[in-house]
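Listed below are the residues making up each chain.
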There are 2 protein chains.
Amino acid sequence: MNETAEVVILRLGHRPGRDERMTTHVGLTARALGADRVCFPDNAGQSKATVADITDRFGGPFDVELTDSPQAMLRNWAGKIVHLTMYGERVQDVEGEIRDAHQDAGEPLLVVVGAEKVPFDVYEEADWNVGVTNQPHSEVAGLAVFLDRLFEGRELEREWDDADRRVIPMETGKRVESADEE
Amino acid sequence: MNETAEVVILRLGHRPGRDERMTTHVGLTARALGADRVCFPDNAGQSKATVADITDRFGGPFDVELTDSPQAMLRNWAGKIVHLTMYGERVQDVEGEIRDAHQDAGEPLLVVVGAEKVPFDVYEEADWNVGVTNQPHSEVAGLAVFLDRLFEGRELEREWDDADRRVIPMETGKRVESADEE
């Protein structure tokens, strides 16, 4: 949202075919809920194209990138790293510290979301391993709750630039306007 | 969580193969984030089996069911209906009313999560059409944020009965204990 230091989501691991929709949903959730950028493994070009297309139509700023070396991105990250995992500390216990680092200390935040088994050095590289519950569920759900808590709901108020279209909230039915009708 | 009136998630629409993981993630998210029960279309038996297996291992109470008539379930629901859709009213504007209905007035809540195109009568049947953002993202992310806001975080504190195993929150690494070690 460009409100303070950037928040970047790193999707770790992607099995083409099997993970296409989950990776796409990680990217769309990152965009909708206030992250500035998402980075996918370089075999996730199809998910990248879908997220870029949504950004073209519904607005940004939001960037989607591929990386051939997520490990280097982790090692070289100039800021703090959060790894979302069901084995981590409880989100309700550590979210305050993470918000302080991001909003008060202005630390850019890299949020790592795993697919298949995550290598152990990711746990060590992370400043926080965070569990949105210690139950098995969905990396998309974990990311969504984490971002909503990180931004304390401000992400729901953000405005979108360069959108072609805009959905108008309705009690019943669907209303989509061309973004220049306003 | 059995704390007040029940919260049931109804997954509407399921394309076998294509939707398997998304439907499973809807079910696991419902369980992890405080719903009492999830109901899938009757062609989603594989997702049902996965959610039931996780409940066996990690605890409950949580029920997973199939229905051959989601429309009848909607028509006959004795309580309030929330339909999650990007076209709906903003969650931050209506969550207070929904909480009042559920917690204060004790109304059971049916939360509808669509897959493919949702028939228009669902919009009409719903007491609230709710958008977790008016952006396209993920029904799993929308459900997660909705439940976290409905329960105001209490779902993260729930205890699990009849679990075989329990994950112990850790700063680094993984620790899983047999549930009777305590």
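Just so we're clear, the structure is a prediction, and the values are computed from it rather than from any experiment.

## Overview of the sheet that holds strand 5 (residues 109-114) of chain A
Residues and elements named next belong to chain A.
Right, on to step 1. If you trace the six strands from one edge of the open sheet to the other, you get 3-2-1-5-4-6, paired in parallel fashion. Unpaired on one side and paired on the other, strand 3 (63-67) and strand 6 (128-131) mark the two borders of the sheet. Within this sheet the neighbouring strands show an average axis-to-axis angle of 30°, counted without direction.
Right, on to step 2. Note that strand 2 (residues 37-41) and strand 3 share five bridges and pair parallel. When the bridges of strand 3 are listed, Cys-39 appears paired with Glu-65.
Right, on to step 3. The strands touched by helix 1 (residues 20-32) are strand 1 (7-12), strand 2 and strand 5; relative to strand 1, the strand with the most contacts, the crossing angle is about 175°.

## Let's talk about helix 6 (residues 139-150) of chain B
Residue and element names in this part refer to chain B.
Right, on to step 1. Between its first and last C-alpha, helix 6 extends 16 Å over 12 residues, near the 16 Å set by a 1.5 Å rise per residue.
Right, on to step 2. The buried fraction of helix 6 is high, at 12 of 12 residues.
Right, on to step 3. The positive-phi residue at the C-terminal boundary of helix 6 is Glu-152, with phi of around 50°.

## Notes on the relation of the copies chain A and chain B
Right, on to step 1. For the pair chain A and chain B, the relating rotation is 180°, the translation along its axis is 0.0 Å, and the fit reaches an RMSD of 0.0 Å. Overall, the copies show the geometry of a two-fold rotation axis. Measuring from the rotation axis to each C-alpha of chain A, the shortest distance belongs to A:Ala141, at 2.3 Å.
Right, on to step 2. A symmetric contact is evident, with 100% of the interface residues of chain A recurring at the interface of chain B.

## Brief notes about the interface of chain A and chain B
Right, on to step 1. Each partner contributes residues to the interface: chain A has 53 residues there, and chain B has 53 residues.
Right, on to step 2. Across the interface of chain A and chain B, roughly 4,600 Å² is buried in total on both sides, 61% from carbon and sulfur atoms.
Right, on to step 3. Our count for the chain A to chain B interface comes out at six salt bridges.
Right, on to step 4. Between B:Arg90 and A:Glu157 there is a salt bridge; the shortest N-O distance is 3.2 Å.
Right, on to step 5. Put simply, chain A and chain B have 22 residue pairs in polar contact (both at pLDDT 80 or more) between them.
Right, on to step 6. When residues of the side of chain A that touches chain B are traced back to their parent elements, those giving at least two are helix 1, helix 2 (45-58), strand 4 (80-90), helix 4 (91-104), helix 5 (120-125) and helix 6 (139-150) of chain A.
Right, on to step 7. Split into classes, the residues belonging to the side of chain A that touches chain B amount to 23 nonpolar, 13 polar and 17 charged.

## Here we look at the UniProt feature "binding site: S-adenosyl-L-methionine" (unreviewed entry) in chain A
All names here are of chain A.
Right, on to step 1. UniProt's entry tags Leu-84, Gly-114, Ala-115, Glu-116, Lys-117 and Val-118 with the feature "binding site: S-adenosyl-L-methionine" (unreviewed entry), counted in the numbering of this structure. A stretch of 35 residues holds the annotated residues, and the largest C-alpha distance among them is 13.0 Å, short enough that they meet in one place.
Right, on to step 2. For Ala-115, the location among the structural elements is in the loop between strand 5 and helix 5.
Right, on to step 3. With sequence-adjacent residues up to four places away left out, Ala-115 is seen in contact with Arg-11, Leu-12, Gly-13, Asp-19 and Glu-139.
Right, on to step 4. Discounting chain neighbours no more than four positions away, the residues touching Glu-116 are Gly-13, His-14 and Arg-15.

## Section: the packing of helix 1 of chain A against helix 2 of chain A
All names here are of chain A.
Right, on to step 1. The contact between helix 1 and helix 2 brings their axes to 9 Å, and the two run at 35°. Viewed along their axes, helix 1 and helix 2 form a crossing whose handedness is right-handed. Across the interface between the two elements, Glu-20, Thr-23, Thr-24, Gly-27, Leu-28 and Arg-31 from helix 1 touch Gln-46, Ser-47, Thr-50, Val-51, Ile-54, Thr-55 and Phe-58 from helix 2.
Right, on to step 2. Partitioning the contact of helix 1 with helix 2 into residue classes produces four nonpolar, seven polar and two charged.

## Remarks on the side chain of B:Ser47
Residues and elements named next belong to chain B.
Right, on to step 1. The residue Ser-47 is located in helix 2 (residues 45-58) in this model.
Right, on to step 2. The class for Ser-47 is buried, based on a relative accessible area of 0%.
Right, on to step 3. Setting aside chain neighbours within four positions, we find Ser-47 in contact with His-14, Glu-20, Thr-23, Thr-24 and Phe-40.

## What to know about unusual backbone geometry
Most of the time, phi is negative for any residue but glycine, and the peptide bond is trans.
Right, on to step 1. Note that the residue after A:Gly60, namely A:Pro61, is joined by a cis bond; omega there is 0°.
Right, on to step 2. On the secondary structure map, A:Pro61 appears in the loop between helix 2 and strand 3.
Right, on to step 3. Unusually for a residue other than glycine, A:Thr133 sits at a positive phi of about 70°.
Right, on to step 4. Using a relative accessible area of 9% as the deciding quantity, one classes A:Thr133 as buried.
Right, on to step 5. Phi angles above zero are rare outside glycine, and B:Asp162 is one such case at about 55°.
Right, on to step 6. Structurally, B:Asp162 can be placed in the loop between helix 6 and strand 7 (165-167).

## Description of the sheet that holds strand 1 (residues 7-12) of chain B
Residues and elements named next belong to chain B.
Right, on to step 1. One open sheet accounts for six strands, arranged 3-2-1-5-4-6; its pairing is parallel. Of all the strands in the sheet, the pair left with one neighbour each is strand 3 (63-67) and strand 6 (128-131). When the angles between neighbouring strand axes are averaged without regard to direction, this sheet yields 30°.
Right, on to step 2. Running over the sheet, helix 2 touches strand 2 (37-41) and strand 3 and is turned about 170° from strand 3.

## Topic: the confidence of the model for chain A
Right, on to step 1. Confidence along chain A averages 95 in pLDDT terms, with 98% of residues attaining 70 or more.
Right, on to step 2. At the level of chain-chain contacts, confidence expressed as ipTM amounts to 0.96, with global pTM at 0.97.

Basis of the calculations
- Residues numbered from 1 in each chain as written.
- Chains lettered and ligands numbered in written order.
- Predicted model: local features only at pLDDT ≥ 70, side-chain atom pairs only at ≥ 80, totals over all residues.
- Heavy atoms only, no water.
- Pairing = 2+ DSSP bridges.
- Helix = DSSP H or I, 4+ residues; strand = E, 2+ residues; numbered from the N terminus.
- Axes fitted to C-alpha atoms, helices over the stretch in contact; angles between N-to-C directions.
- Contact = heavy atoms within 4.5 Å.
- Expected span 1.5 Å × (residues − 1).
- Buried < 20%, exposed > 50% of the residue type's maximum accessible area, 1.4 Å probe, protein only.
- Least-squares fit on C-alpha atoms with pLDDT ≥ 70 in both.
- Buried area = accessible area lost by both parts, 1.4 Å probe.
- Salt bridge = Lys/Arg side-chain N within 4 Å of Asp/Glu carboxyl O.
- Polar contact = N/O pair within 3.5 Å; in protein donor to acceptor, adjacent residues only side chain to side chain.
- Nonpolar A, V, L, I, M, F, W, Y, C, P; charged D, E, K, R; others polar.
- UniProt positions renumbered as here; feature names shortened; annotations may be inferred.
- Left-handed = near helix turned anticlockwise from the far one by under 90°.
- pLDDT = per-residue confidence, 0-100.

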